[in-house]
Structure formats: C-alpha cells, structure tokens
Amino acid sequence: MNRALVAFLVVFNLAVLFYVFYFYHIVDEVQQEIKKEKDDSHNSQRAEKLQSLPEYEVQKADSARSEKHKFRPLGKDEPIPRGMHVRINMQTGEREGRWLSEDDNLSDDDEETSIVLSSVNETDTEPDLDKYNYESIGNDTQKVKQKFRSYEQIKKEMADLNLLVKTDAEILNQHMRRFLELRDQQLTRENVDEIIVILKDFENLLHQVDNGEEFAKQKGMSTIVAPLLKANVTTFRSLGANILGAAVQNNAKAQISALKAGVIPLLLHNIASNGDLESRSSSMFALSCLVRSFPLAEMKLIEEGGLPVLMDLFDDDSADGVKLQLKVVTFLSDLIIEKEDAKLSMKEKEQLIANVTDELPREEFAQIMEKFRQYSMIELNSKLFELGWCEKLGVLLTRRSFKTNANDPNDVGLNLTETDVDHDIVDKVVSATLPVAKQCREKLVKDKTVVKVLPRLLEYYKNLSGDETDVDDTFYHDIHNKINQLSVELVLK
C-alpha cells in the first residue's frame, strides 16, 4: 500500500512540473511574437514616413543619424554621458566619442581602446552634448561633500578627544609665536629648555621647501635667526645657524629673505671667533647653504670681506682648525666650479640663441643668461689667488695630510703605511686643486715639498688600490686617479 502511494505521488509531481514548463514556454513564445510585431510595426511606420518625405529630406535625416553614430573629438574637460562609446585615437592621442547604433559590434581594435559607459536600451535617451546638464555635476559634488567630513570638522572632533590634528604650517607658526613670547621674558632653566626644543623642531621642519618658504614669509629670518646668531649663548648661535642652513638649502625664496636679513656678516663673525668648533662649523654650514647657487649672496660675501676671514682660518694648525679648513676648501671649490659651469663659451651661447625656440624654452634660456651675467660680475678666482689660495692648498696637502710630521721636508711622504695618511684630507684637497691646477701650477711647482710628495702619494695609493678586489669598492683607486690627473696638470709626470 505504501509503495503504491509513493509511486502515485512521484508521477503526480512529474506531471505538475511538465505542465508548468509547458505553460512558461507558451508564454515566452507569445511575448516574442508580440515584440516582433511591435518592431515590424515601428519599422513599417518609419519606412512610410520616409517614403512620404521628399528625397532630399530622407537623405538629410539619414545623414543626421549617421553623423550621430560617427566618432568625433571630445573636449579636454567635456563630460561623457551615459551610453556613449568612447575610444582613444592612437594616432592623435585624443579622446573620441559616438553614440552606438542598434547594429553596432565593436571590432577587436576598438575593444582594446574603447569604453562604453553603459549599455543603450530602448528606454534610454541619447542626450545632446551641447544641451548636457552641467549643473548636475555641481549637485553630485555637493552630495559627495555631504558624505564626508571637512578638515575643520575633523579638527574639531579630534580636539574634543584631545587628539588635535595640525599641519606643519600651523605648528611652525605656533612655535614662532611661542619663541617670540619666551624671547621677551627673563630666561630661566625651564624657558631655555623649551626654547631649545622649539629650535630643534624648527630645524626638522624647515628642511621641507614649503615650510622654509612659510618661515621666510613670516619674517623668521629677521625675528628669529638673526637674534640667535647674535646670542651670547653658544648653543643658541649653533642652533640658529642650523635652522638657517636647513631653511635656505636649495630654497631660493628663503635665501633671498636671509640675505635681506643681513645674516652673512653675523655668520662670518661667528666663524672667525674663537668659539667652540660646533658653533663655527654650524655657521660654516649655513654660509655654504646660503651662498651656493646664489650669485647675489656670493657677491655679498666678497663685499663683506668674507674671503680674507676664510683664508685666516688656514693659520690654525690645531685639529679643529684643520676640520674648518676642509669645510672652507670644499665650499670655495664648489663656488669655483659653479662659476666655471656658468661660463658658457661664445659658440655654445650662439647655439642656444639659434635653438631657443625649438630646443630650449625662452624662459629657461633667459634664466641661464641672467645667471651667467651675475657670475660674470664676480671676481672670485682672482681674489682667491691674491690671498694665496694656491699656496694654502699646497700646505694643506703636504703638511696636514700626514698624521706624523717629518722634521726634514725631504722625508715627508716616505715609507708610508695605511695609517700614516689622512685620506679625507688628501681626497678633498686634491679634488679642490684640480679645477685651479693650471692657474696654480707655477706656485705649486715652486714648492719643493709638493713636487716630492705628489709622486710618493701616487705610488702609495697605487699600492692600496691594488688590494681593492670589490668592483664597488674603489675608494683608493679613485684617489689615485685624481692624484695622477693633478700630476699631469702640473707636468710632474
């Protein structure tokens, strides 16, 4: 009995499923037939309408419809409506758009460079780009703004949580105001500690160009840096110089502001003083950052008697004195190289002028010529030679490069071991001598110690470079090549 009931139910369910599928099949066929009749009716009406028109009107209508489905260039900021077929013209690089027709099929080439923002169906309209509703863009923008909080709202919420967000500019201006408040108060241990923290924050912030420009804009050079460079406390002078160097390094606006604030005489005074090495080194660093690539500052340095001040540093035989001398050598050598690079030959200038409209933008060309004009007004090399630049380089190379001093000048550089030579001094002095080797040749060759020491150093570094097996480690090899080049320039080989 149970088996018969189960069999009956199975047969009954199968019969129901069959009739359901059959019913849906009949309905689908009816819908397809109705749709076909509608399409035929639509096409028939359109054909009758076209037949009733004069021939030229038919051609005009077909032409207008054809034009709508042809690609046309899109403007740079022109919005793209939904349903438009967009592609990139690979020859011109421009965007092109058109409306898809019912019979369109994208080719393989189009598929690689085209985008259809959405499919076009019978209910979609094809908006005219000239009548596009641009106000909707503004409405969409407002909707987006409503979804997200503004920076001011975030600041307020963070402030309520004691997690206030501040930009670098806000921190900078806050520190500047606080420093000026503390500057006018009587100094205490607590005040000094707070000032030092603020000044170190300045140094970290001002390495960024935009922060340096903001600092200069808020007159930080005259109200903060200049007073610090005049301070009686060595630490303040040192921090002031570090702040100045951080702000003006590769920052033209900050350089101009510092020059107007009159910091060059203050830096020279600190360098020439008998203060500690840190303060003098910081002032030398700031001076280098200010004057490099800034011809007007270089002219001011010479006008303020800066070259004699720097030359006097070579009279100090102490270890600290030699460290400062190396900084001066690198600094002045960079200035000499900058001027030589700025001196374009007449042939090169004529070539630049001929190609100014093609290869070199006119504004860039004007900047090059102005920089060349400014450097031409600076008599750096001649003034340095008058102050004994060549002789000082020779002394530094032959008397300061060796850690053990020989009593007899003829014994200088003999029987050298790796620990007998200060490689940093040799490298920097030889590098600084190469650009002026021809001008200094006569004076250097007259120095018998130079004539004896150079060949000995050449042999010494040749032996050391022979032990360098790593292709990335060529320190001694590079120094050997420089000494060899200098020897050739001085005609010692």
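Note that the structure is predicted; figures quoted are calculated from it, not measured.

Colleague: Would you mind going over the overall build of the chain with me for this structure?
Modeller: A tally of helices and strands in the chain yields 24 helices and four strands. Buried residues in the chain amount to 35% of all 493 residues. Of the contacts made within the chain by residues no fewer than 6 positions apart, 67% connect residues no fewer than 24 positions apart.

Colleague: Would you take a moment to explain empty space enclosed by the protein for this structure?
Modeller: Over the atoms rolls a probe the size of a water molecule, and in doing so it shows where empty space is left. All told, the structure shown has one cavity of 30 Å³ or more when counted by the stated rule. Of the volumes computed, that of the largest cavity is approximately 50 Å³. Around the largest cavity, the lining residues are Leu393, Gly394, Leu397, Thr433, Leu444, Val450, Leu454, Leu486 and Leu490. Broken down by element, the lining of the largest cavity gets its largest block of residues, three residues, from helix α20 (residues 389-399). Grouping the amino acids of the lining of the largest cavity by side-chain chemistry returns seven nonpolar, two polar and no charged.

Colleague: Looking at this model, I keep getting lost on the pattern of salt bridges. Mind explaining?
Modeller: When their charged atoms lie close together, side chains carrying opposite charge are able to pair. Scanning the entire structure with this criterion turns up twelve salt bridges. The salt bridge partner of Arg400 is Asp317, with a shortest N-O separation of 2.5 Å. Separated by 83 residues along the polypeptide, Arg400 in the loop between α20 and α21 (423-433) and Asp317 in the loop between α15 (306-312) and α16 (319-342) bring together distant segments of the chain. With a relative accessible area of 56%, Asp317 lands in the exposed category. Salt bridges linked by common partners bring Arg178, Glu181 and Glu194 together as one network.

Colleague: Explain the packing of helix α6 (residues 168-183) against helix α9 (residues 220-229) to me, please; I cannot follow it from the model alone.
Modeller: Helix-helix packing is described using two parameters, namely the angle between the two axes and the distance between the axes. Interhelical geometry of α6 versus α9 gives an angle of 50° and a closest axis separation of 11 Å. If you check the angle between α6 and α9, you find them oblique. Relative to α9, α6 is oriented so that their crossing is left-handed. For the pair α6 and α9, the contacting residues are Met176, Phe179, Leu180 and Arg183 in the first and Gly220, Thr223, Ile224, Pro227 and Leu228 in the second. Tallied by class, residues from the contact of α6 with α9 come to six nonpolar, two polar and one charged.

Colleague: What is the right way to read the packing of aromatic side chains from this model?
Modeller: The geometry of an aromatic ring pair comes down to the distance between the two centres and the angle between the two planes. Taken as a whole and judged by the stated rule, the model has five aromatic pairs. Chaining the aromatic ring pairs together yields one cluster made of Tyr460, Tyr461, Phe475 and Tyr476.

Colleague: Would you mind showing me how to read the state of the cysteines here?
Modeller: In protein chemistry, a disulfide is the covalent bond that joins the sulfur atoms of two cysteines. In the structure shown here, the tally under the stated rule is one disulfide. There is a disulfide in this structure between Cys390 and Cys440, and the S-S distance comes to 1.9 Å. Its S-S torsion of about -70° marks the bond between Cys390 and Cys440 as left-handed, since a negative value means left-handed. With a gap of 50 residues between them, Cys390 in helix α20 and Cys440 in helix α22 (residues 437-446) connect regions that are remote in the sequence. Classification of Cys440 by relative accessible area gives buried; the value is 0%.

Colleague: How should the nonpolar core be read in this particular structure?
Modeller: Inside soluble globular proteins, nonpolar side chains tend to come together where they are buried. Judged by nonpolar contacts, the single largest core of 95 residues is most densely connected at Phe202, Phe215, Leu244, Leu332, Trp389 and Tyr461. Sorting elements by how many residues they give to this core places α16 first, with nine residues. Setting aside chain neighbours within four positions, we find Leu244 in contact with Met221, Val225, Leu229, Ala258, Val263, Leu267 and Ala286.

Colleague: Looking at this model, I keep getting lost on the pairing of strand β2 (residues 84-88). Mind explaining?
Modeller: Side chains on a regular strand alternate between the two faces of the sheet. Judged from the five bridges that link them, β2 and strand β3 (residues 95-99) form a sheet pairing that is antiparallel. Along β3, the bridge assignment pairs His85 with Arg98. Following β2, the chain reverses through six residues before pairing antiparallel with β3; Gly93 in that reversal takes a positive phi of roughly 80°.

What counts, and at which threshold
Residues numbered from 1 in each chain as written. Predicted model: local features only at pLDDT ≥ 70, side-chain atom pairs only at ≥ 80, totals over all residues. Heavy atoms only, no water. Helix = DSSP H or I, 4+ residues; strand = E, 2+ residues; numbered from the N terminus. Buried < 20%, exposed > 50% of the residue type's maximum accessible area, 1.4 Å probe, protein only. Contact = heavy atoms within 4.5 Å. 1 Å grid on protein atoms, 1.4 Å probe; cavity = no way out; pocket = protein on both sides within 12 Å on 5 of 7 lines; lining within 4 Å. Points joined across faces, edges and corners; volume = space filled by probe spheres on them. Nonpolar A, V, L, I, M, F, W, Y, C, P; charged D, E, K, R; others polar. Salt bridge = Lys/Arg side-chain N within 4 Å of Asp/Glu carboxyl O. Axes fitted to C-alpha atoms, helices over the stretch in contact; angles between N-to-C directions. Parallel < 35°, antiparallel > 145°, perpendicular 65-115°, else oblique. Left-handed = near helix turned anticlockwise from the far one by under 90°. Phe/Tyr/Trp six-rings, centres within 6.5 Å; stacked < 30°, edge-to-face > 60°. Disulfide = S-S within 2.5 Å. Core = buried A, V, L, I, M, F, W, Y, C linked by side-chain atoms within 4.5 Å. Pairing = 2+ DSSP bridges.

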